[in-house]
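Listed below are the residues making up each chain.
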Amino acid sequence: MTATELFLFILGTFRLTRLIMYDSITAFLRKPFHEIVEETLPDGTVQSFLHIKGSGLRHWIGELLSCYWCTGIWCAAILYIGNIFCPIIFHPLLMILAIAGGASFIEWAVEKWDS
């Protein structure tokens, strides 16, 4: 693997992980496993907590989807193994995710520069 390929996999994994864990477009994937519970604290403020639903496999998937590092490892494995065995599908997917990941870093830098 070249340094360029590694960089593309890093950006692609970053973007896929954030897409699965945080983006509203994929909330339907998390909904069967997660529930947001609001709790009123003694000072009157309301704080939200993530509650993982179910037991067994459902709970395990919920735990996985609540851990950025765990989800990142699985996303990296899926992209890498998919690219080895089915590059015609996974290489374009990897490129799109890497471009989107790079764009998110540029957006972050622009926001920091403007503030």
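Residues numbered from 1 in each chain as written. Predicted model: local features only at pLDDT ≥ 70, side-chain atom pairs only at ≥ 80, totals over all residues. Heavy atoms only, no water.

A. Looking closely at the overall build of the protein chain. The number of helices and strands found in the protein chain is five helices and two strands. Along the protein chain, from the amino end to the carboxyl end, the secondary structure elements read α-α-β-β-α-α-α. By the compact-globule yardstick of 13 Å for 115 residues, the protein chain is too spread out, its C-alpha radius of gyration being 17 Å. Its C-alpha atoms put the protein chain at 55 × 45 × 20 Å along the principal axes. Put simply, of all contacts in the protein chain between residues at least 6 apart along the chain, 48% involve residues at least 24 apart. (Helix = DSSP H or I, 4+ residues; strand = E, 2+ residues; numbered from the N terminus. Rg over C-alpha atoms; globule rule 2.2 N^0.38 Å. Contact = heavy atoms within 4.5 Å.)

B. Region of the structure containing the packing of helix α4 (residues 68-85) against helix α5 (residues 87-114). Between α4 and α5, whose axes approach to 6 Å, the crossing angle comes to 140°. One way to sum up the angle between α4 and α5 is to call them oblique. Handedness of the α4/α5 crossing: left-handed. Residues Ile78, Leu79, Gly82, Asn83, Ile84 and Phe85 of α4 form the contact with α5, whose own contacting residues are Pro87, Phe90, His91, Leu93, Leu94 and Leu97. Residues that form the contact of α4 with α5 fall into these classes: nine nonpolar, three polar and no charged. (Axes fitted to C-alpha atoms, helices over the stretch in contact; angles between N-to-C directions. Parallel < 35°, antiparallel > 145°, perpendicular 65-115°, else oblique. Left-handed = near helix turned anticlockwise from the far one by under 90°. Nonpolar A, V, L, I, M, F, W, Y, C, P; charged D, E, K, R; others polar.)

C. Local environment of the pairing of strand β1 (residues 34-40). Examined bridge by bridge, β1 and strand β2 (residues 46-52) share seven bridges and lie antiparallel to one another. Looking at β2, one finds that Val37 is bridged to Phe49. Linkage of β1 to β2, two consecutive antiparallel strands, is achieved through a turn of five residues, within which Gly44 is found at a positive phi near 95°. (Pairing = 2+ DSSP bridges.)

D. Region of the structure containing a nonpolar patch on the surface. Among the surface-exposed residues, Met1, Leu6, Ile10, Tyr80, Ile81, Ile84 and Phe85 lie close enough to one another that they form a single nonpolar patch of about 770 Å² accessible area. If you list the elements that add at least two residues to the nonpolar patch, you get α1 (3-21) and α4. Residue contributions to the nonpolar patch peak at four residues, all from α4. Along the chain, Tyr80 turns up in helix α4. (Patch = residues over 30% accessible without salt bridge, like charges linked within 9 Å, V, L, I, M, F, W, Y side chains within 5 Å. Areas by Shrake-Rupley, 256 points an atom, 1.4 Å probe, with all protein chains shown as cover. Salt bridge = Lys/Arg side-chain N within 4 Å of Asp/Glu carboxyl O.)

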